[in-house]
Amino acid sequence: MGDINIKYPDASAKKWPTGVTGNEIAYAISPKLAKKALAVQVNGKLLGLTEPLSEDAEIKIITFDDPEGKDVFWHSSAHLMAQALKRIYPGIRLGIGPPVADGFYYDIELDHVITPEEFGTVEDEMRKIVSQDFPVVRHNLTADEAVRFFAEKDELLKIELINDISGTGEQITTYSQGEFTDLCRGPHIISTSVLGENFKLLSVAGAYWRGDEKNKMLQRIYGTNYPDKNQLQEHLTRIEEAKKRDHRKLGRELDLFSISDEIGSGLILWHPKGAMIRHLIESYWKEQHIQNGYQLVSTPHTAKIDLWHTSGHTGFYQDNMFSPMNVDEVEYQLKPMNCPFHMMIYKSHLHSYRDLPIRYAELGTVYRYERSGVLHGLMRVRGFTQDDAHIYCHPDQLTDEIINVLDLNKKILSRFGFSEYDVYLSTRPEKYVGTDENWDHATKALQKALELKAIRYTIDPGEGVFYGPKIDIKIKDVLGRSWQCSTIQVDFNLPERFDLSYIDQDGIKYRPITIHRALMGSLERFFGILIEHYAGNFPYWLAPEQARVLPLTDRNLDYAGSILQALRAKGIRAEIDKRNEKIGFKIREAEVAKVPVMLIVGDSEQKAEKISVRIKGQGDKGQLTRIELFALLDDLGVKF
RNA sequence: GCCACCGUAGCUCAGUCGGUAGAGCAACUGAUUCGUAAUCAGUAGGUCGGCGGUUCGAAUCCGCCUGGUGGCUCCA
């Protein structure tokens, strides 16, 4: 047997006999590493630690700290859970059990409905399997062998999977641990003891077999697992924290908005405080857009159905639209998008190349039919306001315009405390309109803009919309969760359908390039994200009530009233708590209502013509004069 | 829409085996005029999501509907 040359991540290399395993190499590097090792990456391919290596390779030992390691760990955890489930529930059939973002799930078919109360039993069995320390063994099978094997176990869903795999010509493999064998590509951990005991089953929900609603509904059990107990605890704490910040809960507690079934699902009532925040967001948005060369437009909520035939929405978007209504024998369609209206504004007169770029912006409220099961607080609704804009430009202007949008987007999002993003560039899908040249030009323009701005991005091949390539931006909130808000899409479809044009220098009509973009996406959803991001503690500039005056006794009401007047005269959103209550109670109520500034006035302040300032979450700041108070408030306004 | 679970006062929730409903907070009234996260007392508030069934009797058991929650699918 010859030697093979193994190159390590630090670029050093070592000769190993052919057939060496990742496990052996890891041990040689350090026993500590070997203990943490879950898999090995060989020339970019992930392998199990016991698989023999037979050729020169660059390798990397994968641990839980690597994303691939998490996948392996959770994938194996899914197998562990499946084995336990099979022991407990006879007649169970397994679907698929992959790793996901924060853990794993397994889809199962079982007549008995599993409830969360049964999780403990399953976890106990999982613990048992871990302590039994079964080695995890990989086998190569032919399709026939695999079908026969799983048919014997009545694993009919697995047979469906095997038939699909054998169509691709890929090697069929199974992984066994103890009495349990699962169809799986792998890789997996070496033995069940590696999985430890810091796992937890989290929820059970329905899921269609292979995600297709024509198929039967399986039960999906979600769980998670961490090598370290503290990591599990952190994860569970994160879930708790997210629950505490739930915008539906805070929305009710802070009296921001409500949803009433007497009005209809997915339709939002903005209460005064929520509406104030919305007003502040909208004002800022409009100001920024005007400063950046946009023109504000405003369009109706409904239009004759012919407009939607022209735009094509009655075709490709029908499933998401409210049913049309009949007005004087003519069908009208509630708008699911603003685009056709903006196209019509563009079309309302002739355009010269000198006019371009033209940027129309609108906070346009649209209505979309969403299936009842997907509605979720403010995040998924049936009526919402898009911060929409359409830019019409010359092909040469495309890159500059994208850059302009990226800059504006960054500015607006950072104003709301979002500074981390994941950026995706989606390219041409299989079904598309427009010419290949146009797609190439536009895709390159998007790419160039991203590169000029030095923005790191991931390409989503084939994930573009049928009408053009797009950039999607996902923001990260304080809990590290991603939310897709901003989207910048090139549209080859609507300019064509609406026959848009401009006259170029040569006197000939050309079609303008259209960019469709939204930065916050939907005001409702963005507001929901903001609530959770800030946990309801809106920064001073967004707080619906910025300051509350708290008179100590009725003797101080007049003085307190004069402070209130002075604050309001300065444009500060202030209220007064005139109730005959103890100061501690008033403070508590103001704290709970998350009012940033409390202004306490009693006899002592009144006499000295001062105000005691208390900042939410910080406490007493001492007595200030009016001038000092306004300076402090200005400072808060600048900071946020 | 589909699967599972849930719906009791404005909010959070209790209600045993089927015997006609309860707490805290909030609201209202009164007393208290108080110094940095809950003053005390009293009053009022419910067709137990809706409709139907079983039963002498239903918040409780069954069915249907409706709304919500967690997912599937889709997306802003």
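Whatever comes next refers back to the structure up there.
Parameters at a glance
- Residues numbered from 1 in each chain as written.
- Chains lettered and ligands numbered in written order.
- Predicted model: local features only at pLDDT ≥ 70, side-chain atom pairs only at ≥ 80, totals over all residues.
- Heavy atoms only, no water.
- Pairing = 2+ DSSP bridges.
- Helix = DSSP H or I, 4+ residues; strand = E, 2+ residues; numbered from the N terminus.
- Right-handed = clockwise from strand over helix to strand, strands pointing away.
- Near = heavy atom within 4 Å.
- Polar contact = N/O pair within 3.5 Å; in protein donor to acceptor, adjacent residues only side chain to side chain.
- Contact = heavy atoms within 4.5 Å.
- Axes fitted to C-alpha atoms, helices over the stretch in contact; angles between N-to-C directions.
- Expected span 1.5 Å × (residues − 1).
- Buried < 20%, exposed > 50% of the residue type's maximum accessible area, 1.4 Å probe, protein only.
- Arc of directions from axis to C-beta.
- Core = buried A, V, L, I, M, F, W, Y, C linked by side-chain atoms within 4.5 Å.

A.B. asks: Which residues make up the pairing of strand β22 (residues 421–426), and what values go with them?
C.D. replies: Alignment of β22 against strand β24 (residues 470–476), held across six bridges, turns out to be antiparallel. Note that in β24 the partner of Tyr421 across the bridge is Ile475. Where β22 meets strand β23 (residues 457–460), four bridges bridge the pair, whose relative direction is parallel. Within the sheet, the bridge partner assigned to Val423 lies in β23 and is Tyr457. Crossover β22 to β23 through helix α14 (residues 436–452) is right-handed.

A.B. asks: Give me the lowdown on the protein's contact with RNA strand B, citing residues and values where you can.
C.D. replies: Within the structure, RNA strand B sits among 50 residues, and Tyr208, Arg380, Asn580, Arg588 and Glu605 are positioned closest to it. Of what RNA strand B places within 4 Å of the protein, 45% of the atoms are sugar or phosphate. Between RNA strand B and Arg525, the relevant distance is 2.6 Å, taken from a sugar or linking oxygen to a side-chain nitrogen or oxygen of the residue. The backbone of Asp603 places a nitrogen or oxygen atom 3.2 Å from a base oxygen of RNA strand B. Put simply, the parts of the chain that give the surface near RNA strand B at least two residues each are β12 (199–208), β13 (217–225), α8 (247–253), β25 (482–491), α18 (583–592), α19 (603–608) and β32 (611–615). Take the surface near RNA strand B: its biggest share by element is six residues, from α18.

A.B. asks: Can you break down the sheet that holds β23 residue by residue, with the values?
C.D. replies: Within the open sheet, the eight strands sit side by side as β16-β20-β21-β28-β25-β24-β22-β23. Their pairing is mixed. Among the strands making up the open sheet, the edge pair consists of β16 (295–296) and β23. Bridge count between β24 and β25: seven bridges; the pairing is antiparallel. Each bridged residue has a counterpart across the sheet, and for Lys470 the counterpart in β25 is Gln489. Contacting β20 (358–367), β21 (383–393) and β28 (513–522), helix α12 (residues 339–347) crosses the sheet at an angle of about 35° to β21.

A.B. asks: Before we move on, could you go through helix α17 (residues 557–569) and cite the residues and values that matter?
C.D. replies: Turn by turn, an α-helix covers 3.6 residues, leaving residues three or four places apart pointing in a common direction. Look at α17: 18 Å from first C-alpha to last across 13 residues, which is about the 18 Å you get at 1.5 Å a residue. Of all the positions in α17, only Tyr559, Ala560, Ile563, Leu564, Ala566 and Leu567 are classed as buried. The arc enclosing the buried residues of α17, seen along the axis, measures out at 165°, which places them on a common side. Those residues of α17 that are exposed and aimed more than 90 degrees away from the buried face are Asp558 and Ala569.

A.B. asks: Tell me about the nonpolar core, and please be specific about residues and values.
C.D. replies: Formed by 62 residues in total, the largest nonpolar core has its most connected members in Phe416, Phe527 and Leu542. The leading source of residues in this core is helix α13 (residues 398–415), at eight residues. Residues in contact with Phe416, not counting those within four places in the same chain, are Ile281, Tyr284, Met520, Phe526, Leu530, His533, Tyr534, Trp541 and Leu542. Listed in part, the 39 residues of the second largest apolar core include Val122, Phe180, Leu201 and Leu236.

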